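Topology and contacts: notes
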Amino acid sequence: MIKKIVNLLTKKLTIEANNVSQAFYKFDPDTGFWGAPNIKRYVQTDLKSDPMYVSHNSDGNRGVEVNEIDPKGTIVTIGGSHSWGAGVEQNQRYSELLSDETGRQVINIGHASLGFDQVCIAIMKKTKKYNPRIIIIEQYPWAVVRILNGYVNGYVKPVFSIDKDDNLKLKKVPKFAQFPLGRKCIGSYYAYKKELQEFRSGINLQENYNPLTDPVFLYWKINHYDYLYKLLLKITIVIRDYCRQNNIHFLIALGAIHQQFTGSSRSDLIDYDLPRKRLKEILNNLGINHVDMTDAMLNEHTEIDPVIFHDGHLNAKGHNVFSSVLQKELAVRGWI
Amino acid sequence: MGDLELTITRLALSKLKLAHKFKYFILGAIFYLFLLQKEKNRKIKDGGASDASSAGDDVYPLF
């Protein structure tokens, strides 16, 4: 009876999990969700006509089984669906290409819908066993908004916040979130609270959402996201300090967002570069190593031979460009 | 009616479909009674200026 009531009340409010996401995720006590291990199947997506083969190893990551770890140190890559390789075969991903080009062991632990907050926790909780010497975070600039979302694809995430004394706090994933009903209950609250806060700022993402006027690009909504960038700064500091303590080189690779390929916005008050600019300001102020893929991507992109699929995900050519830029960047920095 | 209560009401009323208005009223009432009101009172007590939750474990020192 309780389950029926919860379902009725949360039917339209909870974020509907993508079918692919549900198939490839499992509950994770640290990050909220992580890849389900030992999956091997073909997946039909709308990105291309042929089904895509997806294989997760025993760690739940898309990629070969990690049986041996390079004692010299590995390169670990992490990010969202671009890193996971939506729409491309495993060996077409930038991580595999980077491994081929550098001769180094590259371990990709990216997952679709992963937020920068989860990236931070995953780096601290999941990478040690891979003996990383270099960690590369692939960050799609628009995706910074994910750290404001505590409920994604049917899973409750850990939630960072800043207290009144300007300290970074972490609300870890509650134990009862391992149960679907528990996730639905607390996730519904997180989703509602987020929508309430957005409503206060005159933001409505639920009805008539247009990616070309996403509020994160709008100058007149800039104040609503000030807290987001403050969180981002503090989370970046945590990652930076962790890497310093463990003698790991750390690089953030900023992708080109889909809207930038469609041309300039219709108004000077809509800036598709706004999340990137604000993120880069943080990275520059903190002295964080980063590389911006925008120019390389836009230069290589044509209508006949694009670097992205219709939805903005990197295609095989895009991954090639991404990998080439990374390889040059690592070489210039003397890390390989 | 306070600011929070007014915002909850306005959010529900802003929905286009009658069924959604009803759902958001119910959800707003439930969440307000059990969670949002407590958070609001905690913020008032702490004098917090942001919408951030003050609950949670410290991140520093690194966990």
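Here, the structure is the one placed above.
Values in this document were obtained by computation on a predicted structure and should not be read as measured data. (Residues numbered from 1 in each chain as written. Chains lettered and ligands numbered in written order. Predicted model: local features only at pLDDT ≥ 70, side-chain atom pairs only at ≥ 80, totals over all residues. Heavy atoms only, no water.)

1. Quick notes on the packing of helix H4 (residues 94-102) of chain A against helix H11 (residues 316-332) of chain A
Residues and elements named next belong to chain A. Contact pair H4 / H11: the axes reach a minimum separation of 8 Å and the direction vectors enclose 45°. Here H4 is positioned oblique relative to H11, judged by the angle of their axes. Taken as a pair, H4 and H11 cross one another with a handedness that is right-handed. Contacts between H4 and H11 pair Tyr94, Leu97, Leu98, Glu101 and Thr102 from the former with His319, Asn320, Phe322, Ser323, Ser324, Leu326, Gln327 and Leu330 from the latter. Residue composition of the contact of H4 with H11, by class: 6 nonpolar, 6 polar and 1 charged. (Axes fitted to C-alpha atoms, helices over the stretch in contact; angles between N-to-C directions. Helix = DSSP H or I, 4+ residues; strand = E, 2+ residues; numbered from the N terminus. Parallel < 35°, antiparallel > 145°, perpendicular 65-115°, else oblique. Left-handed = near helix turned anticlockwise from the far one by under 90°. Contact = heavy atoms within 4.5 Å. Nonpolar A, V, L, I, M, F, W, Y, C, P; charged D, E, K, R; others polar.)

2. Details of the pattern of salt bridges
Residue and element names in this part refer to chain A. One pass over the structure, following the stated rule, counts 20 salt bridges over all chains. A salt bridge links Asp271 to Lys277; the shortest N-O distance between them is 2.5 Å. By relative accessible area, Asp271 is classed as buried at 12%. In this structure Lys277 comes out as partly exposed when scored by relative accessible area, which is 42%. (Salt bridge = Lys/Arg side-chain N within 4 Å of Asp/Glu carboxyl O. Buried < 20%, exposed > 50% of the residue type's maximum accessible area, 1.4 Å probe, protein only.)

3. A short note on H4 of chain A
Residues and elements named next belong to chain A. All of the buried residues along H4 are Tyr94, Ser95, Glu96, Leu97, Leu98 and Thr102. At its buried positions, H4 is contacted by strand E5 (74-79), helix H3 (81-84), strand E6 (106-108), strand E7 (132-139) and H11. Just downstream of H4 lies Gly103, where phi reads positive at about 75°.

4. Describing the packing of aromatic side chains
Residue and element names in this part refer to chain A. On inspection of all chains with the given rule, the structure shows 11 aromatic pairs over all chains. Aromatic side chains Tyr25 and Phe33 sit 4.4 Å apart centroid to centroid with 40° between the ring planes, which places their arrangement in the tilted category. Residue classification places Phe33 among the buried residues on the basis of a relative accessible area of 0%. With centroids separated by 5.9 Å and ring planes inclined at 50°, the aromatic side chains of Phe33 and Tyr155 adopt a geometry described as tilted. (Phe/Tyr/Trp six-rings, centres within 6.5 Å; stacked < 30°, edge-to-face > 60°.)

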